[in-house]
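A structural walkthrough
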Amino acid sequence: MNQTVLFNRELINKYNQSGPRYTSYPTAPHFHESFTADLFRQQIRQSEQEHPDKPLSLYLHIPFCDTVCYYCACNRIVTTDRSRAERYLESLLREIRLIGSLCSSSRAVTQLHLGGGTPTYLDAQQLTRLIHGLRDHFNFQPSDLMEWGIEVDPREMPLESIAVLASLGFNRISIGVQDVDERVQQAVNRIQPMALTKKVVDEARKQGFQSINLDLIYGLPFQTEQTFHRTLQEVIHHLDPDRLAIFNYAHLPQYFPPQRRINQEDLPSPEEKLRILETTIRVLTESGYCYVGMDHFAKPDDELATAQRQGQLHRNFQGYTTHGECDLLALGTTAISQVGRCYAQNLKTLPEYYDRIDAGLPATFRGLQLSQDDVIRREVITRLMCDFRLDRAAISEQFNLDFNHYFQTEQQALQTMVDEGLVVDSGNSWQVMPAGRLLIRNICMVFDWYLNHAVQQKSFSRTI
């Protein structure tokens, strides 16, 4: 697969509008509260009956952080009171028992991911209890056959914690860095010396972690093309990550109060952000990284890049994944499950979550039952996002339909992108060209029925 990316400034300026990131289709703004906890339980049982051996992926949300990063738009609770984690852990273990009781032992867990917040806000003893609780109620494959991922913050974890994580089974780690420039770190209240990050990366390699991901953000205060170029060089040469996620900072202080502490006049201009992005793509591709898509880069031998070449890459609420064949069960506040033909999201606040779990009920407060049209369009969007290609004949066969007739309107809308060289029509398939890969969200938006027909309740980030 040709993974070249072409930075066409004219087309980027034309298409740089707001749009979904498609970690799901339909997207979360279309979830509704008439989808209840009882409906979620029914969906789990139905999936059990239809696919009794379908594997499981587990996601656990740990919402706590020790300090506030001003750019953050995640669902998290900032507190230095570590005792609050104990109450949360107890409820999480009860939720594990409850949801685990709905799943038969024939369904093997092939993937586990802990996100947040900061999962390593839990200490070693608490993490051990959590993993033991999961093993007691779910059928885990042997650790060497599983993907065990966790997000960590080097600022608040003892170095010996890496060995504890490895002993529990974790073999993939994601480390928040954002930027190594001290002035940028001070402006966003995330002081993280390069030496500290390197210690965590080196220890993870020593402990045998199979994949190390680093998160960076562009568009933060005082960043320029030159300063971010230096950050990239330091990260590549001193940390040598297997994967990099380079996120675009969206300044939306009206939605995320911590962002009000960032002075808008200190942010790089839209033109400077484009220069940063262009330099990022050039530097990483020249350094041997493959552009996987949607902010993600990986070494050619990394699982994500390999899965993409083999047409086996998928996308869900955690981003790109190699485990699209799984039902995703998500536990903890705000977490979103994907089971069969439904999405189900947990309650967002701690008091509501605690009350529901204490009552012995799933924490679901909203979700969506997918129609057949939703399922078809989800597959189209997923394949475009993951493969940069869409086999129209394969979709026709998979869903027993005439693709050209079913998507007649969409094909007419896509023709403009074909004419502009974003997409090539080769008869039975569309191939996204290098100039179109940065605009893959825009291409997918053509097939989004809700975006084109329903009232949108949310402002999305810009596509570039």
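Use the structure listed above.
Here the structure is a predicted model, which means the values were calculated and not measured.

1. A short note on the overall build of the protein
Assigned secondary structure in the protein consists of 17 helices and 20 strands. Relative to its length of 464 residues, the protein is compact, with a C-alpha radius of gyration of 22 Å against a globular reference of 23 Å. Along the three orthogonal principal directions, the C-alpha set of the protein runs to about 60 × 55 × 40 Å. Taking all 464 residues of the protein together, 58% fall into the buried category. A sequence separation of at least 24 residues applies to 74% of the contacts in the protein between residues at least 6 apart.

2. A closer look at the side chain of Ser174
Locating Ser174 in the fold gives a position in strand E7 (residues 172-178). The class of Ser174 is buried, set by a relative accessible area of 12%. There is a polar contact of 2.8 Å between the side chain of Ser174 and the side chain of Asn213.

3. Concerning the sheet that holds strand E20 (residues 429-432)
Taken in spatial order, the three strands make up an open sheet running E18-E20-E19, and their pairing is antiparallel. The open sheet terminates on both sides in strands that have one partner only, identified here as strand E18 (389-391) and strand E19 (423-425). The average angle at which neighbouring strand axes cross in this sheet is 15 degrees, direction not considered. Two strands pair when backbone bridges link them, and E18 and E20 are joined in this way by three bridges, in the antiparallel orientation. Directly across from Leu390, in E20, lies its bridge partner Trp430. Relative to E18, helix H13 (residues 392-399) is tilted by about 50 degrees, and along the sheet it contacts E18, E19 and E20.

4. Considerations on unusual backbone geometry
Of note, the amide linkage connecting Tyr25 to Pro26 takes the cis form, showing an omega dihedral of -10 degrees. A cis amide bond links Gly116 with the next residue in sequence, Gly117, at an omega value of 15 degrees. Turning to its location among the elements, Gly117 is positioned in the loop between strand E4 (108-116) and helix H4 (124-137). The backbone of Asn400 sits at a positive phi, close to 55 degrees, despite the residue not being glycine. Inspection of the secondary structure assignment puts Asn400 in the loop between H13 and helix H14 (403-406). Judged by its relative accessible area of 73%, Asn400 falls in the exposed class.

5. A closer look at the pairing of strand E1 (residues 56-62)
For E1, the tally of buried residues reaches seven of seven residues, placing the bulk of the element in the interior. Side-chain alternation along E1 places Leu56, Leu58, Leu60 and Ile62 on one buried face and Ser57, Tyr59 and His61 on a second face that is also buried. Of the pairings in the sheet, the one linking E1 to E4 comprises seven bridges and is parallel in character. Paired with Tyr59 across the bridge in E4 is His113.

6. Points about the layout of surface pockets
Size it by volume and the second largest pocket reaches roughly 790 Å³. Considering the residues around the second largest pocket, the lining is formed by 35 residues, among which Lys54, Gly324, Gln338, Gly340 and Arg378 are closest to the centre. Per-class residue counts for the lining of the second largest pocket are 10 nonpolar, 17 polar and eight charged.

7. Points about the packing of helix H12 (residues 372-387) against H13
Axis separation between H12 and H13 bottoms out at 11 Å; the angle between their running directions is 150 degrees. With respect to their mutual orientation, H12 and H13 come out roughly antiparallel. In the crossing of H12 with H13, the sense of the turn from one axis to the other is right-handed. Taking contact as the criterion, the partners of Gln372, Val375, Ile376, Glu379 and Val380 in H12 are, on H13, Ile395, Gln398 and Phe399. In terms of residue class, the contact of H12 with H13 is built from five nonpolar, two polar and one charged.

8. Some points on the environment of Leu328
With respect to the secondary-structure elements, Leu328 resides in strand E14 (residues 327-331). For the pair Leu328 and Leu350, spaced 22 residues apart in the sequence, the C-alpha separation amounts to 22 Å. Excluding its chain neighbours within four sequence positions, the residues that come into contact with Leu328 are Ser57, Leu58, Tyr59, Asn316, Phe317, Gln318, Ile336, Ser337, Gln338 and Val339.

9. Brief notes about the pattern of salt bridges
Per the stated rule, a full pass over the model turns up 30 salt bridges. The closest approach of N and O atoms between Arg9 and Glu271, which form a salt bridge, is 2.8 Å. With a gap of 262 residues between them, Arg9 in helix H1 (residues 9-15) and Glu271 in helix H9 (residues 270-286) connect regions that are remote in the sequence. Arg392 is the salt-bridge partner of Asp425, the closest N and O atoms lying 3.0 Å from each other. One end of the pair, Asp425, is in strand E19; the other, Arg392, is in helix H13, and 33 residues separate them in sequence. In this structure, a network of salt bridges that share partners links the residues Arg9, Glu271, Glu272, Arg275 and Glu278.

10. Observations concerning H12
Between its terminal C-alpha atoms H12 stretches 22 Å, which fits the 22 Å expected from 16 residues at 1.5 Å a residue. Of the residues flanking the end of H12, it is Phe388, one or two places downstream, whose phi is positive at about 55 degrees.

11. Comments concerning the environment of Leu6
Tracing the chain through its elements places Leu6 in the segment before H1. Given the relative accessible area of 45%, Leu6 is considered partly exposed. C-alpha of Leu6 to C-alpha of Tyr88: the two residues are 82 residues apart in sequence and 46 Å apart in space.

12. Section: the environment of Asn189
Structurally, the position occupied by Asn189 is in the loop between helix H6 (182-188) and helix H7 (194-206). The exposure class assigned to Asn189 is partly exposed, which follows from its relative accessible area of 27%. Separated by 120 residues in sequence, Asn189 and Cys69 place their C-alpha atoms 5.4 Å apart. Ignoring anything within four residues of it in the chain, the contact list for Asn189 reads Val68, Cys69, Tyr70 and Arg155. There is a polar contact of 2.8 Å between the side chain of Asn189 and the backbone oxygen of Val68.

What counts and how
- Here the residue numbering is sequential within each chain, running from 1 through the sequence in written order.
- Predicted model: local features are reported for residues with pLDDT of at least 70 only, side-chain atom pairs are reported and counted for 80 or more only, and whole-chain, interface and lining totals are derived from all residues.
- The basis for every side-chain value is the complete set of heavy atoms in the structure, and neither hydrogens nor water enter the calculation.
- By the criteria applied, helices consist of DSSP H or I runs no shorter than four residues and strands consist of E runs no shorter than two, each listed in order from the N terminus.
- Just to be clear, the radius of gyration here is over C-alpha atoms, and the globule rule we use is 2.2 Å times residues to the power 0.38.
- Residue burial is assigned from relative accessible area. The probe radius is 1.4 Å, only protein chains are included, and a residue is buried under 20% of its type maximum, exposed over 50%, and partly exposed in between.
- Residues count as neighbours in contact if any of their non-hydrogen atoms are within 4.5 Å of one another.
- Side-chain atoms alone can form a polar contact between residues adjacent in sequence; in general such a contact is a pair of N or O atoms within 3.5 Å, and within protein one must be able to donate a hydrogen while the other accepts it.
- Here, any two strands with at least 2 DSSP bridges between them count as paired.
- Axis definition: a line fit to C-alpha positions, over the contact stretch in the case of helices; interaxial angles, taken between N-to-C directions, run 0 to 180 degrees.
- Cavity and pocket criteria rest on a 1 Å grid covering protein atoms alone: a 1.4 Å probe that fits but cannot get out defines a cavity, protein on both sides within 12 Å along at least 5 of 7 lines defines an open pocket, and an atom within 4 Å of a point defines a lining residue.
- Grid points are joined across faces, edges and corners, and a volume is the space filled by probe spheres set on the points.
- Under the grouping applied here, Gly and all other residues not named as nonpolar or charged are polar, the nonpolar ones being Ala, Val, Leu, Ile, Met, Phe, Trp, Tyr, Cys and Pro and the charged ones Asp, Glu, Lys and Arg.
- Oblique is the label for every angle not falling under 35 degrees (roughly parallel), over 145 degrees (roughly antiparallel), or within 65 to 115 degrees (roughly perpendicular).
- Rotating anticlockwise by less than a right angle from the far helix to the near helix defines a left-handed crossing, while the corresponding clockwise rotation defines a right-handed one.
- Salt bridges are defined as contacts in which a side-chain nitrogen from Lys or Arg sits within 4 Å of a carboxyl oxygen from Asp or Glu.
- To estimate the expected span of a helix, subtract one from its residue number and multiply by 1.5 Å.

Purely geometric numbers; function is a separate question.
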